[in-house]
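Survey of secondary and tertiary structure
Given next are the chains, with one letter for each unit.
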Amino acid sequence: MKKHLKKLIRGLTGICMAVTFTACGAIVPPMADSIDESELDAGVSTGSADVFHNTPTPSFTSTPTPAEDEMLTPTPTYDPPEHHVLDDNVSYRALDVENLMEQLNLIAEKKDVWFVADDAVLYDYTVADMDCNGRLEIVRASTQGTGFFSYNNIWEVNEDFSDLLAGETTEGDYRSDMVEVENVPVFYDSQNKSVHYIYNDYLRNGMMGNANTIIDFCITNNSIKERPIATMITLYSDLGEESIEYKDSVGEIITEDAYKNCAQKMFSSAKAGMAVFGWARTMNRDIDDAEGPYLREVLYDVCDRFQIVINQ
């Protein structure tokens with residue numbers, strides 16, 4: 001919560017997700033085929049702006065960011081593999097992973113690790129392979145409070161498919177709004193062998209204003225990095241007058257067009273596309289009461305929805 005309060009003190013933004021998606025020039029692929037229940041049965045064993053003044057001066061200095069020219073070529077935070085599945089494929093599905101049913105079975109058996117039973121908070125869950133390394137992730141996401149604070153937790157199947165590893169999140173003030181977002185623009189960086197998801201981080205401070213930060217979300221071998229690309233800040237005076245500013249990741253003023261196209265600029269040499277997610281929601285009781293074969297069916301269903309399609 002402390003990190004989110006720090007963000008509110010800097011200033012905030014608001015823009016529709018659809019605008020960001022359009023600006024990224026991504027396509028929306030068709031949804032995956034429906035679940036094959038016979039396969040399930042056969043394949044699974046048991047088991048420093050002051051608070052919103054009329055002239056905002058938000059600062060991003062608490063989260064170290066590279067200079068603008070460096071941001072155009074993201075630096076990997078891990079040793080990239082020699083080959084990535086998207087090097088020679090224009091699409092990838094989580095169902096393509098090896099030992100699929102073994103991994104889903106493990107996630108189901110480890111429900112007590114990732115599931116939270118809390119009637120006061122609505123959690124959404126999805127299964128994906130966001131870094132395309134062949135090991136599934138289980139994602140728990142929620143948005144809480146009137147400020148729309150996002151909380152995301154990710155666990156990835158380990159290398160020998162025997163346990164779940166909690167994702168290691170880079171320190172910073174930004175958290176992607178993942179809840180219920182099914183279509184997410186992506187960029188595949190073939191040089192660094194990494195997939196970058198373009199999310200929003202929307203925050204609101206009552207009647208005083210809001211902010212929307214466009215986020216580069218990247219997970220590589222269980223290491224999660226979220227960094228701001230650009231922010232739109234909307235503030236309201238005591239008289240109800242609206243003022244809007246656009247800033248880059250280091251707090252410099254930019255134009256509206258630069259804000260809308262910031263992801264394209266950052267990843268100008270990368271391949272653009274779209275990722276599709278499926279979500280199971282506690283508000284629908286999909287996960288709460290699910291056990292055994294039915295839980296594995298729910299997990300399979302959301303896993304079936306995940307795919308990445310690269311523009312051609």
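Residues numbered from 1 in each chain as written. Predicted model: local features only at pLDDT ≥ 70, side-chain atom pairs only at ≥ 80, totals over all residues. Heavy atoms only, no water.

Brief notes about the overall build of the chain
Counting its regular elements, the chain contains nine helices and 14 strands. Taken over 312 residues, the chain has a buried fraction of 52%. Split by element, the accessible area of the chain, about 14200 Å² in all, is 49% carbon and sulfur. (Helix = DSSP H or I, 4+ residues; strand = E, 2+ residues; numbered from the N terminus. Buried < 20%, exposed > 50% of the residue type's maximum accessible area, 1.4 Å probe, protein only. Areas by Shrake-Rupley, 256 points an atom, 1.4 Å probe, with all protein chains shown as cover.)

What to know about the pairing of strand β12 (residues 271-276)
Extensive coverage of β12 is indicated by the burial of five of its six residues. Of the strand pairs in this sheet, β12 and strand β14 (residues 307-310) are connected by four bridges, and their pairing is antiparallel. Paired with Val276 across the strands is Gln307, a residue of β14. (Pairing = 2+ DSSP bridges.)

Considering the pattern of salt bridges
Scanning the model with the defined rule gives eight salt bridges in all. Close ionic contact of Lys193 with Asp87 constitutes a salt bridge, the shortest N to O distance being 2.9 Å. With a gap of 106 residues between them, Lys193 in the loop between β7 (183-189) and β8 (194-204) and Asp87 in the loop between α4 (68-71) and β1 (91-93) connect regions that are remote in the sequence. By relative accessible area, which is 15% here, Lys193 ends up buried. (Salt bridge = Lys/Arg side-chain N within 4 Å of Asp/Glu carboxyl O.)

A short note on the pairing of strand β9 (residues 209-220)
For β9, the tally of buried residues reaches 12 of 12 residues, placing the bulk of the element in the interior. Burial of β9 is two-sided: the residues Gly209, Ala211, Thr213, Ile215, Phe217 and Ile219 facing one way and the residues Asn210, Asn212, Ile214, Asp216, Cys218 and Thr220 facing the other way are all buried. Sheet analysis places β8 next to β9, joined by nine bridges and oriented antiparallel. Counted as the bridge partner of Tyr199 is Ile215 from β9.

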